[in-house]
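The residues making up each chain are set out below.
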There are 2 protein chains.
Amino acid sequence: MIKKYVEENEARMLEELFSLIRIPSVSAQPDHKEDMVRCAERWKELLLEAGVDKAEVMPSKGNPMVYAERIVDPNAKTVLVYGHYDVMPAEPFELWKTEPFEPVVKDGHIWARGADDDKGQSFIQAKAFEYINKHDLLKHNMKFIFEGEEEIGSSSLGPFIEEHKELLKCDVILVSDTSLIGADVPSITTGLRGLAYWQIEVTGPNRDLHSGTFGGAVANPANVLCKLIGDVTGPDGKIRFPGFYDDVEEASKEERELVASIPFDEDEYKKSLGIKNIFGEEGYSTIERTGYRPSFDVCGLWSGYQGEGAKTVIPSKAYAKISSRLVPHQDYKKIGQLVVDYFNKVAPDTVSVKIEMLHGGYGYVCPIDFPAYKAAERGFEAVFGKRPLPVRIGGSIPIISTFEKLLGTKSVLMGFGLESNAIHSPNENMPVDLWKKGIEAVVNFHLEYDKEA
Amino acid sequence: MIKKYVEENEARMLEELFSLIRIPSVSAQPDHKEDMVRCAERWKELLLEAGVDKAEVMPSKGNPMVYAERIVDPNAKTVLVYGHYDVMPAEPFELWKTEPFEPVVKDGHIWARGADDDKGQSFIQAKAFEYINKHDLLKHNMKFIFEGEEEIGSSSLGPFIEEHKELLKCDVILVSDTSLIGADVPSITTGLRGLAYWQIEVTGPNRDLHSGTFGGAVANPANVLCKLIGDVTGPDGKIRFPGFYDDVEEASKEERELVASIPFDEDEYKKSLGIKNIFGEEGYSTIERTGYRPSFDVCGLWSGYQGEGAKTVIPSKAYAKISSRLVPHQDYKKIGQLVVDYFNKVAPDTVSVKIEMLHGGYGYVCPIDFPAYKAAERGFEAVFGKRPLPVRIGGSIPIISTFEKLLGTKSVLMGFGLESNAIHSPNENMPVDLWKKGIEAVVNFHLEYDKEA
């Protein structure tokens, strides 16, 4: 029935989506300031046409927010859909085979900036709502919040949520802004890593010294920095900051089995990276190492002479930028301090060490036994014919942890992208088939969610 | 007698030296090309006036060489005096209190570029020769070789020596181009360290990677580089390349006792460097660590992001420039290969390591029981009233090892400079008293040398 509805309405739906895409809402470029407002206004109209009770373009400290809601029963559960209407710049234009802001359907794909990220994907949510609402199948309340700064850091979203906690109150957040493992390997992103980032400055002598006159008698800060960093990771890939793993949650046997069934070709992986061998924490697979386990990486390193040839100098200072990707339930503030304390403790008194935390962010995890996750799982299964695999990605989507932090609500990341959709690149696209399957899967989610709730 | 001679001839001698100094023979600056030739010609005249049989300005692949000789007996021993007539640039001129190329005597010092390095010092050799020759005290032959490129690397000297081995053949080389510990703490430089210098390139993935997507699953080349370097130096300050110390010669008990009597204030040393504590090889003093023991220093380090803030990246490459100061009888070629082999062996197969030797040079040592050294010791003692202390300096003077390598001859470094003479800096100077003492000490050397020989 939903399948038939999508088929019959495909042309209209595409035309509606195209009306959004044609507005070049590039948040990174100041000359598109007015396009941001136009795009938000256009979303407001489309949501009203889709059946919400009310929709508003609301001010924020940056680009406006689009808020909409359909309250069927104040005592029922509420699903909040989050999306973003801003897009990445389309440059370099010359690499596009079609016009980035003039969408076309060709070879079964929509080609345009935003076809996937995130206009195409968030439109799936709007049309799934349209269907269940129109057919009186909606048993829970719906809210929508679309922001216009996701591609530039979402800096207005946190303050907006803080200010409108009651308005945005909900039981689960649905987000379509991630990808599937493959068009026939459905998956749901269940975890994102947190982050802690430090800069270390090691100071030895008060000036660069002649390595002949002083070499061997004075601690070299670059030698010391290498020792400090080199000692952190063991040959077993374990990170040796004392207490670092204390709050790391081990995945369940069920989840590890599901993860083990995610297709992964190690030879292909090595080949694509040009490496002879992989390296990571003993006892975990590559997928677990990036999704379920924390990391320790040098991101930058500098000291002394970096030019041509041989300058014989003992540098006065040596620097490193180091970072850890964190996993639930590691708290970046706690880890941040633990690492600062560690380096201050182990540094020899022959140098002075200054370590500063530059940045941090929370990770996120959606437990695979969370009711809304189960609903999403069945929603996918009904359409793709397979249970979706839970995937924890190694990177971070700060907004997801922001929502959890500020609203106390979990998100379910029902994304329908593909790596080949080339988001952020020229020739971004979205397979029409997958887009239509997305609408069906989200409709199924809503129906299943009412059963779970 | 020599004292009296110097007093009586002081004004003439100074005027002769000044005639050399007034020629701005700055080898680093091409517009002084003609001054180089003029200065060489002036030296030729002065050596002839001092009593040599013949003197020549000889071509080299760079600035000309001044060669002179006085052969008293073809079967006698021969002393070769080495010096250089080029000087460092005088810039910045505005920091000079007098004109750099217009020498004056003021407050008992000669003030001018080259007053010490090396016109003033090599003139000491010429005037000592003048005295013993004029007074029929010369029992051995004398040769002089003055080059014009010492301040820019002496690159023509090696080829010149190779081409004129017979001409330059000698039993000992006398060099006045180093400093005393203090005006009342006479010392002789007995050792110079050699050098080996490498660059390491560690390559991980074939491009910079997102530290979220890949962190924990791929070896980070900067982490690996830190580990490789951090493992080289032990907590006891020992350098752990296997075989590194095999050829290091231990100093004799007598020499270590003399070295222990060199004045050294550790608190002052730490204060001047701004460090809380010194660090070096266990079992050796600071002076021994820089003079008698090899070192391992990072001279440069770079990888990934060095800018402001937090960029989360796994760098594709990490680099270091590393060097060792070597001591007798470590061969830089052997050590060079040993270190290359070591890193290639210990590097994990998760990265690829390329290590290349950029530069190397031999060290030098003059044994303190070498007859010419004993003669120099007594030469100093007669004038300063104290046995001079043997000092091995941590840096390198490549020409000294070049002479040893090509002629098979040891040098005795009878230098009369002081740190306060500000060589290479504005307001270079030489205390007239010390300069006169130098002439007396070298005269005494020649007399003592004939007894030893």
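Computed from a predicted structure; not experimentally measured. (Residues numbered from 1 in each chain as written. Chains lettered and ligands numbered in written order. Predicted model: local features only at pLDDT ≥ 70, side-chain atom pairs only at ≥ 80, totals over all residues. Heavy atoms only, no water.)

Draft legend 1. Spatial organisation of the overall build of chain A. Of regular secondary structure, chain A possesses 14 helices and 18 strands. For 453 residues, the compact-globule estimate of 2.2 N^0.38 gives 22 Å, and chain A sits close to it at 25 Å. Overall, the C-alpha framework of chain A stretches about 85 × 50 × 45 Å when taken along its three principal axes. Across chain A, the fraction of contacts at a sequence separation of at least 24, relative to all contacts at a separation of at least 6, is 80%. (Helix = DSSP H or I, 4+ residues; strand = E, 2+ residues; numbered from the N terminus. Rg over C-alpha atoms; globule rule 2.2 N^0.38 Å. Contact = heavy atoms within 4.5 Å.)

Draft legend 2. Seen up close, the sheet that holds strand S18 (residues 429-431) of chain B. Residues and elements named next belong to chain B. Strands sit in the order S4-S5-S18 across an open sheet of 3 strands; the sheet is antiparallel. Each end of this open sheet is capped by a strand with a single partner; those strands are strand S4 (104-106) and S18. Put simply, the sheet's adjacent strands are angled 25 degrees from each other on average, direction ignored. Note: S4 against strand S5 (residues 109-111), 3 bridges, orientation antiparallel. Each bridged residue has a counterpart across the sheet, and for Val105 the counterpart in S5 is Ile110. (Pairing = 2+ DSSP bridges. Axes fitted to C-alpha atoms, helices over the stretch in contact; angles between N-to-C directions.)

Draft legend 3. The arrangement of the pattern of salt bridges in detail. For the structure on display, the rule yields 62 salt bridges over all chains. Put simply, A:Arg293 and A:Glu281 hold a salt bridge, and the shortest N to O gap is 2.8 Å. In this pair, A:Arg293 sits in the loop between helix H10 (286-291) and strand S11 (297-304) while A:Glu281 sits in the loop between helix H9 (266-273) and H10, placing the two residues 12 residues apart along the sequence. As far as the burial class goes, A:Arg293 and A:Glu281 line up, both buried. Its salt-bridge partner being B:Arg22, residue B:Glu102 comes within 3.1 Å of it at the nearest N-O pair. Placement of the pair is B:Glu102 in the loop between strand S3 (78-84) and S4 and B:Arg22 in the loop between helix H1 (2-21) and helix H2 (33-50), with a sequence separation of 80 residues. For B:Arg22, a relative accessible area of 31% gives the class partly exposed. (Salt bridge = Lys/Arg side-chain N within 4 Å of Asp/Glu carboxyl O. Buried < 20%, exposed > 50% of the residue type's maximum accessible area, 1.4 Å probe, protein only.)

Draft legend 4. Quick look at the interface of chain A and chain B. Facing 71 residues of chain A, the contacting portion of chain B comprises 71 residues. Carbon and sulfur atoms make up 53% of the area that chain A and chain B hide from each other, which totals about 5,400 Å². The tally of links between chain A and chain B comes to 0 salt bridges. Joining chain A to chain B, the criterion identifies 40 residue pairs in polar contact (both at pLDDT 80 or more). When residues in the side of chain A that touches chain B are grouped by element, the largest group, 8 residues, is from S11(A). (Buried area = accessible area lost by both parts, 1.4 Å probe. Polar contact = N/O pair within 3.5 Å; in protein donor to acceptor, adjacent residues only side chain to side chain.)

Draft legend 5. Region of interest: the relation of the copies chain A and chain B. Mapping chain A onto chain B is achieved by rotating through 180 degrees and translating by 0.0 Å along the same axis, at an RMSD of 0.1 Å. The transformation just described matches what one would write down for a two-fold rotation axis. When the interface residues of chain A are mapped onto chain B, 100% of them are again interface residues, pointing to one common binding face. (Least-squares fit on C-alpha atoms with pLDDT ≥ 70 in both.)

Draft legend 6. Main features of the pairing of strand S8 (residues 187-192) of chain A. Residue and element names in this part refer to chain A. With respect to burial, S8 is a largely interior element, 6 of its 6 residues being buried. The sheet contact formed by S8 and strand S16 (residues 389-393) spans 5 bridges and is parallel. Bridge pairing in S16 places Ile188 opposite Pro390.

Draft legend 7. Structural context of the environment of A:Val185. Residue and element names in this part refer to chain A. Checked against the element boundaries, Val185 lands in the loop between strand S7 (172-175) and S8. Through-space distance from the C-alpha of Val185 to that of Pro388 is 7.1 Å; in sequence the pair is 203 residues apart. With near-sequence residues (within four places) excluded, Val185 lies in contact with Leu180, Pro263 and Leu389.

Draft legend 8. Focus on the nonpolar core. Within the largest apolar cluster, 95 residues are counted, with the highest numbers of intra-cluster contacts made by A:Trp43 and A:Met414. Apart from the residues lying within four places of it in its own chain, the contact partners of A:Met414 are A:Gln121, A:Leu174, A:Val175, A:Ser176, A:Thr178, A:Ala376, A:Phe380, A:Ala441, A:Val442 and A:Phe445. In terms of nonpolar packing, the next biggest core, distinct from the first, is built from 94 residues, B:Leu192, B:Phe403, B:Ala441 and B:Val442 among them. (Core = buried A, V, L, I, M, F, W, Y, C linked by side-chain atoms within 4.5 Å.)

Draft legend 9. A look at the packing of helix H12 (residues 371-384) of chain B against helix H14 (residues 432-452) of chain B. All names here are of chain B. For the pair H12 and H14, interaxial distance at closest approach is 7 Å and the crossing angle is 135 degrees. The orientation of H12 relative to H14 falls into the category oblique. At the point where H12 passes H14, the crossing takes the right-handed sense. Contact with H12, carried on its side by Pro371, Ala372, Lys374, Ala375, Ala376, Arg378, Gly379, Phe380, Ala382, Val383 and Phe384, involves Leu434, Lys437, Glu440, Ala441, Asn444, Phe445, Glu448, Tyr449 and Glu452 of H14 and no other residues of that element. Considering only residue class, the contact of H12 with H14 consists of 12 nonpolar, 2 polar and 6 charged. (Parallel < 35°, antiparallel > 145°, perpendicular 65-115°, else oblique. Left-handed = near helix turned anticlockwise from the far one by under 90°. Nonpolar A, V, L, I, M, F, W, Y, C, P; charged D, E, K, R; others polar.)

Draft legend 10. Structural context of the UniProt feature "domain: Peptidase M20 dimerisation" (unreviewed entry) in chain A. The sites that carry the UniProt feature "domain: Peptidase M20 dimerisation" (unreviewed entry) are, in the present numbering, residues 190-349 of chain A. Spanning residues 190-349 of chain A, this segment combines 32% helix with 22% strand, and its end C-alpha atoms are found 45 Å apart. (UniProt positions renumbered as here; feature names shortened; annotations may be inferred.)

Draft legend 11. Up close: the domain arrangement of chain A. All names here are of chain A. For chain A, the assigned domains are domain 1 (1-191 + 362-452) and domain 2 (193-247 + 293-359). Spacing between the C-alpha centres of domain 1 and domain 2 amounts to 41 Å. The partner domain 2 presents 7 residues to the 10 residues of domain 1 that form the contact. Around 730 Å² of area is buried between domain 1 and domain 2 when both sides are counted, 49% of it from carbon and sulfur atoms. On the domain 1 side of the contact with domain 2, Tyr362, Gly394 and Ser396 bury the most area, a combined 60% of that side's loss. Summed over the shared surface of domain 1 and domain 2, the number is 0 salt bridges. (Domains from an automatic or database assignment.)

Draft legend 12. Expanded view of the environment of B:Ile132. Residues and elements named next belong to chain B. Note on placement: Ile132 falls in helix H3 (residues 119-134). Overall, Ile132 belongs to the buried group, its relative accessible area being 0%. Along the sequence, Ile132 and His84 sit 48 residues apart, while their C-alpha atoms lie 22 Å from each other. In this view, Ile132 contacts Leu137, Leu138, Val443, His446 and Leu447; residues no more than four positions away in its chain are not counted.

Draft legend 13. Structural detail: the sheet that holds strand S14 (residues 352-361) of chain A. Pairing in this open sheet of 8 strands is antiparallel, and the strands run S14(A)-S9(A)-S13(A)-S11(A)-S11(B)-S13(B)-S9(B)-S14(B) from one edge to the other. Every interior strand has two partners, whereas the edge strands, S14 of chain A together with strand S14 (352-361) of chain B, have only one. On average, each strand axis in the sheet is tilted by 15 degrees relative to the strand beside it, whichever way the strands run. Sheet analysis places strand S9 (residues 194-203) of chain A next to strand S13 (residues 317-326) of chain A, joined by 10 bridges and oriented antiparallel. If you follow A:Gln199 over to S13(A), its bridge partner there is A:Lys321.

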